[in-house]
Amino acid sequence: ALASASHVLWLRDADDRAEPLLAEALAAAEALGRTDLVSQVQYTTGTINFGRGRYARAARAQREALTTARAAGDREAEASALHGLAEALAFTGPLPMALARAVACSQLVGALGWLPMLYHNENMRGWILMWMGRLREADEVFHVAGQGAYELGDPRNAAHAFAGLGHVRWLLGDTTGAWD
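Each chain has its residues counted from 1, following the order in which its sequence is written. For a predicted model such as this one, the threshold for reporting local features is a pLDDT of at least 70, and the threshold for listing and counting side-chain atom pairs is 80 or more; totals across whole chains, interfaces and linings nevertheless cover every residue. Based on all heavy atoms of the structure, the side-chain values leave hydrogens and waters out of the count.

Engineer: Just checking my understanding: could you explain the environment of leucine 135 for this structure?
Structural biologist: By the element assignment, leucine 135 lies in helix 8 (residues 135-152). Among the residues examined, leucine 135 registers a relative accessible area of 19% and is labelled buried. Taking the C-alpha atoms as reference, leucine 135 lies 40 Å from alanine 5; in sequence the two are 130 residues apart. Numbering of helices and strands runs from the N terminus; a helix is a DSSP stretch of H or I covering at least four residues, while a strand is a stretch of E covering at least two. For every residue, the accessible area (1.4 Å probe, protein chains only) is compared with the maximum for its type, and the residue is labelled buried under 20%, exposed over 50%, or partly exposed between those bounds.

See the structure below:
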């Protein structure tokens, strides 16, 4: 219950209430031998740290979540941790490692048929590609992610992708619009 409560509080932007529960939730999940919950708490810890700009801590927590998920054979938790690690490494570097984690996440969520996470993760991959100067690739990734999210009825991730697409097109010198 603590693992779920801390995750729900994070989803509701109540990090200040979620963070104090994390250590207790992790201890309880470990005591119960629930690796699925351990991984979830580690992922939530990483995500809260990411949201607070503590990127090195976020990367550490996501690496722990990834190790736990892989040891348990939990592919969805593995995908979440790969995504979280890609996000954190996008800010701490190295960018090629961040990109490798984003690509691995996209391959895994694609195999799982988890389309909302695929398009969400592809947004991160697009930003990483843009920051690496690989603008044509970023353009394609953002375009596909935006279209996919839009078709799923996910306006948040569609807007995120189209914002990234606008940045890339502007950097490419196309000031006529990103919506083509």
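We are not done yet, so read on.
Engineer: How should I be thinking about the packing of aromatic side chains in this particular structure?
Structural biologist: Two aromatic rings are characterised by how far apart their centres lie and by the angle between their planes. Centre distance within 6.5 Å is the pairing criterion for rings of Phe, Tyr and Trp, where only the six-membered ring of Trp is used; planes under 30 degrees apart are then read as stacked, over 60 as edge-to-face, and the remainder as tilted. One pass over the full model with this rule turns up six aromatic pairs. Ring geometry for phenylalanine 91 and tryptophan 131: centres 5.7 Å apart, planes at 65°, overall edge-to-face. Pair noted here: phenylalanine 91 is in helix 5 (residues 75-92) and tryptophan 131 is in helix 7 (residues 115-131), with a separation of 40 residues, a long-range link. Its relative accessible area of 39% is what places tryptophan 131 among the partly exposed residues. Cluster of aromatic residues (ring-pair linked, three or more members): Phe50, Tyr55, Phe91, Trp127, Trp131 and Phe142.

Engineer: Sorry if this is basic, but what is going on with the packing of helix 7 against helix 8 here?
Structural biologist: How two helices sit against one another is set out by the angle between their axes and by the gap between those axes. The angle between two axes is taken between their N-to-C directions and runs from 0 to 180 degrees, where each axis is a line fitted to C-alpha atoms and a helix contributes only its stretch in contact. Two numbers describe how helix 7 lies on helix 8: the axes approach to 8 Å, and their chain directions differ by 155°. The orientation of helix 7 with respect to helix 8, classified from their angle, is roughly antiparallel. The interaxial crossing formed by helix 7 with helix 8 has left-handed handedness. Between helix 7 and helix 8, the contacting residues are Leu115, Pro116, Tyr119, Glu122, Asn123, Arg125, Gly126, Trp127, Leu129 and Met130 on the first element and Leu135, Glu137, Ala138, Val141, Phe142, Val144, Ala145, Gly148, Ala149 and Leu152 on the second. Residues that form the contact of helix 7 with helix 8 fall into these classes: 14 nonpolar, three polar and three charged. An angle below 35 degrees is treated as roughly parallel, one above 145 as roughly antiparallel, one from 65 to 115 as roughly perpendicular, and anything else as oblique. For a crossing to be left-handed, the near helix must be turned anticlockwise from the far one by less than a right angle; the clockwise case is right-handed. Any two residues having at least one pair of non-hydrogen atoms within 4.5 Å are treated as being in contact. Throughout, the ten residues Ala, Val, Leu, Ile, Met, Phe, Trp, Tyr, Cys and Pro are labelled nonpolar, Asp, Glu, Lys and Arg are labelled charged, and all others, Gly among them, are labelled polar.

Engineer: Explain the pattern of salt bridges to me, please; I cannot follow it from the model alone.
Structural biologist: When the charged atoms of two side chains lie near each other, side chains of opposite charge can form a pair. We define a salt bridge as a contact between a side-chain nitrogen of Lys or Arg and a carboxyl oxygen of Asp or Glu at a distance within 4 Å. In this structure the tally under the stated criterion is five salt bridges. The shortest N-O distance in the salt bridge between arginine 34 and aspartate 36 comes to 2.7 Å. On the basis of relative accessible area, arginine 34 is assigned to the partly exposed category, the value being 37%. Residue classification places aspartate 36 among the partly exposed residues on the basis of a relative accessible area of 33%. A salt bridge links glutamate 137 to arginine 134; its shortest N-O distance comes to 2.7 Å. Exposure remark for arginine 134: the relative accessible area of 32% places this residue in the partly exposed category.

Engineer: Even after reading the chapter, I still don't get the side chain of glutamine 42, so can you show me in this structure?
Structural biologist: By the secondary structure assignment, glutamine 42 is in helix 3 (residues 35-51). Residue classification places glutamine 42 among the buried positions, given a relative accessible area of 9%. When sequence neighbours within four positions are dropped, the list of residues in contact with glutamine 42 reads Leu26, Ala61, Glu64, Ala65 and Thr68.

Engineer: Help me out: how do you make sense of the nonpolar core in this one?
Structural biologist: Proteins that are soluble and globular tend to have nonpolar side chains buried together. Ranked by internal contacts, the top residues of the largest apolar core, which has 38 residues, are Val109, Ile128, Met130, Ala138, Phe142 and Val168. Elements supplying a minimum of two residues to this core: helix 4 (55-72), helix 5, helix 6 (95-112), helix 7, helix 8 and helix 9 (155-171). With sequence-adjacent residues up to four places away left out, valine 168 is seen in contact with Met130, Leu135, Ala138, Asp139 and Phe142. To define a nonpolar core, start from buried Ala, Val, Leu, Ile, Met, Phe, Trp, Tyr and Cys residues and group those joined through side-chain atoms within 4.5 Å. Membership of the second largest hydrophobic core comes to five residues, among which are Ala18, Leu22, Ala25 and Val41.

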